[in-house]
Amino acid sequence: MSTLILLTSALQPSAEVLPGLALLNHQVKILPAEGSALLDAPEADLLLVDGRQELALARDLCRLIRTTGSDIPVLLILTEGGLGVVAADWGMDDVVLHTCGPAELEARIRMAVGRLAERDSGDPEAHLIRSGEVVVDEVTYTAKLGKRTLDLTFKEFELLKHLAQHPGRVFSRDQLLQEVWGYDYFGGTRTVDVHVRRLRAKLGAEHETLIGTVRNVGYRFVVPSKSKQPEPADIDAPTGNP
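What counts, and where the lines are drawn
- Residues numbered from 1 in each chain as written.
- Predicted model: local features only at pLDDT ≥ 70, side-chain atom pairs only at ≥ 80, totals over all residues.
- Heavy atoms only, no water.
- Helix = DSSP H or I, 4+ residues; strand = E, 2+ residues; numbered from the N terminus.
- Buried < 20%, exposed > 50% of the residue type's maximum accessible area, 1.4 Å probe, protein only.
- Contact = heavy atoms within 4.5 Å.
- Salt bridge = Lys/Arg side-chain N within 4 Å of Asp/Glu carboxyl O.
- Pairing = 2+ DSSP bridges.
- Axes fitted to C-alpha atoms, helices over the stretch in contact; angles between N-to-C directions.
- 1 Å grid on protein atoms, 1.4 Å probe; cavity = no way out; pocket = protein on both sides within 12 Å on 5 of 7 lines; lining within 4 Å.
- Points joined across faces, edges and corners; volume = space filled by probe spheres on them.
- Nonpolar A, V, L, I, M, F, W, Y, C, P; charged D, E, K, R; others polar.
- Core = buried A, V, L, I, M, F, W, Y, C linked by side-chain atoms within 4.5 Å.
- Parallel < 35°, antiparallel > 145°, perpendicular 65-115°, else oblique.
- pLDDT = per-residue confidence, 0-100.

1. Side note on the overall build of the chain
A count of helices and strands for the chain gives seven helices and 12 strands. Split into buried and exposed, the 242 residues of the chain put 45% on the buried side. Considering only contacts in the chain between residues 6 or more positions apart, those separated by 24 or more positions represent 57%.

Below, the structure written as structure tokens:
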């Protein structure tokens, strides 16, 4: 059982904010969604921030938590609409839909708390994914290309992280939809192409080939050799159609 703090402005019990939470065996303390509420807050294993209605306030609160130097895991509660605007630089550790089931919520809580425990007791860089010049930080939800921090949306970050975790491995569009967007996503594979195009644009013209297109198959993360660039016969040009 974990001790959780729910930061919310809603005049509702926690079961109304996040119904799946009522079915789990965790101790939940509800506090106002204000930075000052954390000054006298009891110790907790994880913070839940309610972003269902006041998304800008929730974003600022997540960022404020990180500026205090606290490393407590932060889960941001969103609606479907919120997924379209949430970005990696907000400072949360993970996001969860307010309609998620108890099994998914329990898994996200367990993984967030577990990552913190692993980081404290093991390799201080265990949460970093390095592929060539790209460094993805799973804790702060930031990605860097060399010394440049990439300004990514949440799904762009998740897509880059997934590809960078498996350099050279080819993923079909259907696989990426399942593994990045989730099995309950009903959009078409064109969504993957759009996100790849945007991700390449943010990587920049010099590095857009890091996301390679394999004809009639899908995409892969390419780590250029120091002595040899990717062969154009193997990877389609990323300009034009993805």
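2. Points about the pattern of salt bridges
All told, the structure shown has nine salt bridges when counted by the stated rule. With a shortest N-O distance of 2.8 Å, D50 and R52 are connected by a salt bridge. The closest approach of N and O atoms between R190 and D193, which form a salt bridge, is 3.3 Å. Here R190 pairs with D193, and both are found in helix α7 (residues 190-203), just three residues apart, close to one helical turn. R190 sits in the partly exposed class, given a relative accessible area of 45%.

3. Here's the deal with the sheet that holds strand β12 (residues 218-221)
The strand order across the open sheet formed by three strands is β10-β12-β11, and the pairing between neighbours is antiparallel. The strands lining the two open edges of the sheet, one partner per strand, are β10 (171-172) and β11 (211-214). Relative to β12, β11 runs antiparallel, the two sharing four bridges. Looking at the pairing, G212 lines up with R220 of β12. Sitting on the sheet, helix α5 (residues 154-165) touches β10, β11 and β12, and the angle it makes with β12 is about 70 degrees. Of the strands in this sheet, β11 and β12 touch α7, which is tilted by about 140 degrees from β11.

4. Side note on the layout of surface pockets
Put simply, the largest pocket is a space of about 1000 Å³. Lining the largest pocket are 36 residues, with R108, F154, K155, V180 and W181 sitting closest to its centre. Listed by contribution, the elements that provide at least two residues to the lining of the largest pocket are α3 (80-83), β5 (94-97), α4 (102-121), α5, α6 (173-181) and α7. In terms of residue count, the dominant contributor to the lining of the largest pocket is α5 (seven residues). For the lining of the largest pocket, a count of residues per class yields 13 nonpolar, nine polar and 14 charged.

5. A few points about the nonpolar core
V49, L76, M92 and L160 are the most contacted members of the largest nonpolar core, which has 49 residues in total. Excluding residues within four positions of it along the chain, V49 makes contact with L7, A58, L61, C62, I65, V74, L75, L76 and I77. In this structure, V17, I77, V96 and C100 belong to the second largest nonpolar core, which totals 15 residues.

6. Here's the deal with the sheet that holds strand β7 (residues 134-137)
Reading across from one edge, β6-β7-β8-β9 is the order of the four strands in this open sheet, with antiparallel pairing throughout. Each edge of the open sheet is held by one strand with a lone partner, namely β6 (128-131) and β9 (148-149). Pairing of β7 with strand β8 (residues 142-145) involves four bridges; the strand directions are antiparallel. Residue V136 lies in a different strand from β8, and its bridge partner there is A143.

7. Quick look at the packing of α5 against α7
Contact pair α5 / α7: the axes reach a minimum separation of 10 Å and the direction vectors enclose 85 degrees. Taken as axis vectors, α5 and α7 run roughly perpendicular relative to one another. Between α5 and α7, the residues in contact are K155, E156, L159 and L160 and H195, V196, R198, L199 and K202, respectively. For the contact of α5 with α7, the per-class residue count stands at four nonpolar, one polar and four charged.

8. Re the confidence of the model for the chain
Taken over all residues, the pLDDT of the chain has a mean of 82, while the share at 70 or more is 84%. A low-confidence stretch, residues 227-241 (pLDDT under 50), is modelled with 19 contacts involving residues beyond four sequence positions or located in other chains.

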